[in-house]
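# Residue-level structure breakdown
Here is what each chain is made of, one letter per residue.
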Amino acid sequence: MATDLEDIVEHMRRFAWPDYLVFVSMLMLCILIGVYFGFVQRKPNTESEYLMGGRTMLVFPIALSLIASFISGITLLGLPTEVYSFGIQYVYVALGVTLMGFVMGFIYLPVFHKLNITSTYEYLETRFDRRLRMFGSVMFTIMNIGYLPIVIYVPALAFNQVTGVNIHVITPIVCIVCVFYTCVGGLKAVVWTDVVQTFSMFGALVLVAIKGTIDLGGSDVVFRSAWNTGRLERPNFDINPTTRHTFWSQLIGGFVYWLQTNAVSQNMIQRYLSLPSVAAGRRALWIFVFGVCLLMSLCSYCGLLIYATYQNCDPLTTKLARAKDQLLPLFVMDILRDLPGLPGLFVAGVFSAALSSLSTCLNSMSAVILEDFVKPFVHKPLSQRTINWIMRSVVVGVGALCAALVFVVEKMGTVLQLTMSLEAITNGPLLGTFTLGILIPWVESRSALTGGVFGVIFMSWLSLKAQYWVATGTIVFPHKPMSVEGCTYEFDRSLVNATSTSVYTTDDIFPLFRVSYMWYTFLGAAVTILVSLLCSLLIFGRNDPKTVSPDLMAGFVRRYIHGPDSIASPVRASNAAAYGKNGKTLHESAL
């Protein structure tokens, strides 16, 4: 039996030709779907068809696409590591996800669907002015360009763990495949590849859970070891916001985070708007909520399973897993390496999660660039050929940029917390701005823009400073008990008691920088709304709510402002400074 760490690593890298065959077959299937919708299915090559699927998509495929789009490889690899290291406290975020379903379905979704828009940020121009639309579009673009390299990097990390292939070899290949089917097939190709990839994700996790449980002798062994070490734990009702995960941070902070990513983000709203009605959108929303909760439960169980397997020899301490997010791939090769084809199925599942998120963001970026950065600044209507060229060029250009930025992401830390922390720089202020428009008609454009800009500045300062202290090892989050007493191979024992070399301690850090990352989106939205309200009261004055079109408000706000019998009316000229197609207001263009 191998006793050296390097020997163990090489022993586990048994990615045989059946595994490569399964993996390549998944990529080829994605290409074929793109070819079918791009060349075989003869649909009009229009902007609406490419970006919105003609607004005639079916509920179930869209729901699966929403699941696949949101659950990237970051979740598939990051959540098991989270549960392995810190316990199941994070998983109570499912309560926040459920609450998000109610709020989005009855407040945000009806407003967007009624306006019949393509870019979510068209709403901000109609409700406020063009400056707010540009603010939203720029924030979305920055967030996506920062997020997509992480999406690509994570599955490449898994591929490296099981094959030894350098991540900078596999990332361009995967990007080329994704760019091809997104560029050729448009939204329909993206959605139907997402359907295949959702089944691949679920299949991979179920396979790992069943095989790992059988090897250990039953699920009771898994839950017993988790309970004995505090990984299986009741909700923590601590009200201290600096505690990493509590019931309140997962319910309230999780609700706000998921509300932003699902209710006002172009990536998700574009899919809801491709459905023919609000009722269809709500059905897709609840399938999404159920599917996400189920997938998170599977990931969490895999985390407990990994701990039960390695409870006497922690591979993170011994560096058998060189990065935290290589833990699940290591476990997979450990239990599946003698079953040819199954490791390939797992890796295909992880890459499926990445491809779905990447293709979704690329398709959404093409919509935002075209609608928000090109059309408002041209003086004559674009030809269909020009529109097609712009949309596809954006997909190719952004895909290439994100593949290059993987070199930067490689130097960063654990992806789950990192991603949620950095996203909050733009996510919180964006949610706050949309919420102002939908729920608070007294706020006018200058106040909303001031609040949004202040929110971005504040969250940049908070998030980047906090991530700096985490990266330097000053802010340390205590792990659940881990042991290396049962290891049967040699490793560097000095790693066991390694500590931070920082001259500071956690208590020396300003308390605001120690606030849990789960509160970041909430803080960004709250600061944006608060500053906007103060500007309305003290500087710019209040907006007359009756000048705001009823279509731009949530139902209960509309009834309060315009009465119970209020009906949709054209946007007043004073409130729609920007114009859309044919010189009409954006609202009029939608009617």
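Calculation rules
- Residues numbered from 1 in each chain as written.
- Predicted model: local features only at pLDDT ≥ 70, side-chain atom pairs only at ≥ 80, totals over all residues.
- Heavy atoms only, no water.
- Helix = DSSP H or I, 4+ residues; strand = E, 2+ residues; numbered from the N terminus.
- Expected span 1.5 Å × (residues − 1).
- Bend = angle between axes of the 7 residues up to and from the residue.
- Polar contact = N/O pair within 3.5 Å; in protein donor to acceptor, adjacent residues only side chain to side chain.
- Disulfide = S-S within 2.5 Å.
- Buried < 20%, exposed > 50% of the residue type's maximum accessible area, 1.4 Å probe, protein only.
- Contact = heavy atoms within 4.5 Å.
- Axes fitted to C-alpha atoms, helices over the stretch in contact; angles between N-to-C directions.
- Left-handed = near helix turned anticlockwise from the far one by under 90°.
- Nonpolar A, V, L, I, M, F, W, Y, C, P; charged D, E, K, R; others polar.
- Salt bridge = Lys/Arg side-chain N within 4 Å of Asp/Glu carboxyl O.

## Description of helix H9 (residues 167–216)
In this model, H9 (50 residues) spans only 32 Å end to end at C-alpha, well below the 74 Å of a helix rising 1.5 Å per residue. When the local axis directions of H9 are compared, the greatest deviation, roughly 130°, occurs at Gly186. Among the residues of H9, the N-terminal cap falls to Asn166, whose side-chain oxygen and the backbone nitrogen of His168 are separated by 2.7 Å. After H9 finishes, the residue Gly217 shows a positive phi value of roughly 100°.

## Side note on the state of the cysteines
In the structure shown here, the tally under the stated rule is one disulfide. Across the disulfide from Cys313 sits Cys487; the S-S distance is 1.9 Å. Handedness of the Cys313-Cys487 disulfide follows from its S-S torsion of about 105°: it is right-handed. Of this pair, Cys313 sits in the loop between helix H13 (278–310) and helix H14 (315–318) while Cys487 sits in the loop between helix H19 (445–471) and helix H20 (520–538), placing them 174 residues apart in sequence. Residue class for Cys487 comes out buried when judged on its relative accessible area of 15%. Cys402 provides the cysteine sulfur closest to Cys361, a residue in no disulfide bond, and the two sulfurs are 8.3 Å apart.

## Points about the environment of Leu66
Tracing the chain through its elements places Leu66 in helix H4 (residues 59–70). Here Leu66 is in contact with Met268, Arg271, Tyr272, Ala284 and Phe288, once residues within four sequence places are set aside.

## Some remarks on unusual backbone geometry
The phi dihedral of Asn116 falls on the positive side, at around 60°, and the residue is not glycine. Looking at the element boundaries, Asn116 is found in the loop between helix H6 (93–115) and helix H7 (122–127). The backbone of Lys319 sits at a positive phi, close to 70°, despite the residue not being glycine. Take Lys319: it is sitting in the loop between H14 and helix H15 (327–336).

## Considering the packing of H6 against helix H11 (residues 247–264)
Close contact between H6 and H11 brings their axes to 8 Å; oriented N to C, the two are set at 35°. The chirality of how H6 crosses H11 is right-handed. Each of Val93, Leu95, Gly96, Val97, Leu99, Met100, Val103, Met104, Tyr108 and Phe112 in H6 lies in contact with H11, whose residues at this interface are Phe247, Gln250, Leu251, Gly254, Phe255, Trp258, Leu259, Asn262, Ala263 and Val264. When grouped by side-chain class, the residues that make up the contact of H6 with H11 number 16 nonpolar, four polar and no charged.

## Observations regarding the pattern of salt bridges
Applying the stated criterion to the full structure yields ten salt bridges. Note that Arg131 is salt-bridged to Asp129, the shortest N-O span being 2.8 Å. The exposure class assigned to Arg131 is partly exposed, which follows from its relative accessible area of 43%. Among the residues examined, Asp129 registers a relative accessible area of 10% and is labelled buried. Here Lys375 and Glu371 are joined by a salt bridge, their closest N and O atoms 3.2 Å apart. In this structure, a network of salt bridges that share partners links the residues Glu125, Arg130, Arg133 and Asp372.

## Let's talk about the side chain of Gln250
Mapped onto the elements of the fold, Gln250 is located in helix H11. In this structure Gln250 comes out as buried when scored by relative accessible area, which is 0%. A distance of 2.9 Å separates a polar atom in the side chain of Gln250 from the backbone oxygen of Tyr90. Discounting residues that sit within four places of it in the chain, Gln250 has contacts with Gln89, Tyr90, Tyr92, Val93, Gly96, His245, Phe255 and Met518.

Keep in mind these numbers describe shape, not what the thing actually does.
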